[in-house]
Amino acid sequence: MEEKKRQDCMVCGQGLEYLDSAASVTCIYCGKQEEGYFLCPAGHYVCNECHSRDGLEVITNLCLSSKSINPLEMANIIMKHPKIHMMGPEHHTMIAGVLVAAYKNLTGKIGDDEIREAIKRGHTIPGGYCGLYGTDGAAIACGIAVSVILKATPLSDTERIIANMMTSRALAAIANYRGSRCCKRSTWVALETAIQYFREVLKVETGYISASQLRCEHSHRNNHCSKADCRFYPS
Ligand SMILES: [Zn+2]
Ligand SMILES: [Zn+2]
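These numbers were taken from a predicted model, which means no experiment stands behind them.

Asks: I'd like a description of the overall build of the protein chain, backed by residues and values.
Replies: Secondary structure assignment for the protein chain yields eight helices and two strands. Tracing the protein chain from N to C terminus, the helices and strands come up as β-β-α-α-α-α-α-α-α-α. Taking 18 Å as the expected radius of gyration for a compact globule of 235 residues, we find that the protein chain reaches 17 Å, a close match to that expectation. Overall, the C-alpha framework of the protein chain stretches about 50 × 45 × 30 Å when taken along its three principal axes. Within the protein chain, the fraction of its 235 residues that count as buried is 42%. Put simply, 61% of the contacts in the protein chain that link residues at least 6 apart link residues at least 24 apart.

Here is the structure:
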């Protein structure tokens, strides 16, 4: 099989077509048959697992080895890696991972097991969630990070509330932006919101990148980029 594409269809590079109801599809890489919501015009389908497998390794390695206390900096490094696609559910995995890694490096109160747990949970959020379920996976990933840090369970009181509040804040922030979905934009908005929330609620000061310095280097890979209407688009 030819080299995998880093944007749009992994097989042929054509823009994906999204469906408003599920169709029966077969993953071109692993042969799994399932119900899916997107296909490329040539009929190629790649399942969530095959789409994000290479990225999962990149994300896990960086989150476990980095000494950074800056989740935005870690995310920017990961997103520049050739195995990370322009769009895809690996962004959910990454957000949960870099937030927990930054908290670990900053406080020493948690360890590598918590990073692995956050990555594992983030990896379960499918692609396309923002449009199909009305909840951006980037926001859920922030809630996962807080849940892991506070060891929340469904029976917890305060910890569960704090984790849910994190998700709601990140989701509200993401929903404020117009245009088609962009996993890079959602990542930056979610992480900015989480950094602020960590400061206010968890009382920790992670590193950050100021709004004026956060500039997108990926817009040429996004056919649906909002360009000048996006605050991250380089002027
Ligand atoms: Zn294709
Ligand atoms: Zn597959």
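Asks: Outline the environment of Glu114, listing residues and values.
Replies: For Glu114, the location among the structural elements is in helix H4 (residues 112-122). Looking at Glu114, the number of C-beta atoms within 10 Å reads 18, which means it is partly exposed. Residues Glu114 and Ala145 lie 31 residues apart in sequence; the distance between their C-alpha atoms is 9.0 Å. If we skip the residues at most four places from it in the chain, Glu114 touches Val100, Lys104 and Val148.

Asks: Please provide a residue-by-residue account of the domain arrangement of the protein chain, values included.
Replies: Split into domains, the protein chain comes out as domain 1 (1-46) and domain 2 (48-211). Using C-alpha coordinates to define each centre, domain 1 is positioned 25 Å away from domain 2. Taken together, the contact between domain 1 and domain 2 spans ten residues of the former and eight residues of the latter. For the side of domain 1 that touches domain 2, the class distribution of residues is eight nonpolar, one polar and one charged.

Asks: Describe the nonpolar core, and please don't skip the residues or the numbers.
Replies: Counting 49 residues, the largest nonpolar core has Cys142, Ala145 and Ala190 as its most contacted members. Every element with two or more residues in this core is listed here: helix H1 (48-65), helix H2 (71-80), helix H3 (90-107), H4, helix H6 (137-150), helix H7 (158-175) and helix H8 (183-202). A total of ten residues in this core trace back to one element, the largest contributor, which is H6. Counting eight residues, the second largest nonpolar core, distinct from the first, contains Leu16, Tyr45, Val46 and Cys47.

Asks: Break down H2 for me, citing the residues and quoting the values.
Replies: Burial in H2 covers these residues: Pro71, Leu72, Met74, Ala75, Ile78 and Met79. Down the axis of H2, the sector holding all buried residues measures 160°, keeping them to one side.

Asks: Describe H6, listing the residues and the values that go with them.
Replies: In this model, H6 (14 residues) spans 20 Å end to end at C-alpha, consistent with the 20 Å of a helix rising 1.5 Å per residue. Burial runs high along H6: 13 of the 14 residues are buried. Positive phi shows up at Lys151, right after H6, with a value of about 55°.

Asks: Go over the pairing of strand E2 (residues 33-39), please, and point to the residues and values.
Replies: The pairing of strand E1 (residues 17-26) with E2 spans six bridges and is classified as antiparallel. Bridge pairing in E2 links Tyr18 to Phe38.

Asks: Help me get a handle on unusual backbone geometry, residues and values and all.
Replies: You will see that Asp8, though not glycine, has its phi angle at about 55°, which is positive. Summarising the element assignment, Asp8 is placed in the segment before E1. A positive phi angle, close to 50°, is found at Lys227, a residue other than glycine. Tracing the backbone through its elements, the reader meets Lys227 in the segment after H8.

Conventions adopted
- Residues numbered from 1 in each chain as written.
- Chains lettered and ligands numbered in written order.
- Predicted model: local features only at pLDDT ≥ 70, side-chain atom pairs only at ≥ 80, totals over all residues.
- Helix = DSSP H or I, 4+ residues; strand = E, 2+ residues; numbered from the N terminus.
- Rg over C-alpha atoms; globule rule 2.2 N^0.38 Å.
- Buried ≥ 20, exposed ≤ 12 C-beta atoms within 10 Å, placed from the backbone.
- Contact = placed C-beta atoms within 7 Å.
- Domains from an automatic or database assignment.
- Nonpolar A, V, L, I, M, F, W, Y, C, P; charged D, E, K, R; others polar.
- Core = buried A, V, L, I, M, F, W, Y, C linked by C-beta atoms within 7 Å.
- Arc of directions from axis to C-beta.
- Expected span 1.5 Å × (residues − 1).
- Pairing = 2+ DSSP bridges.

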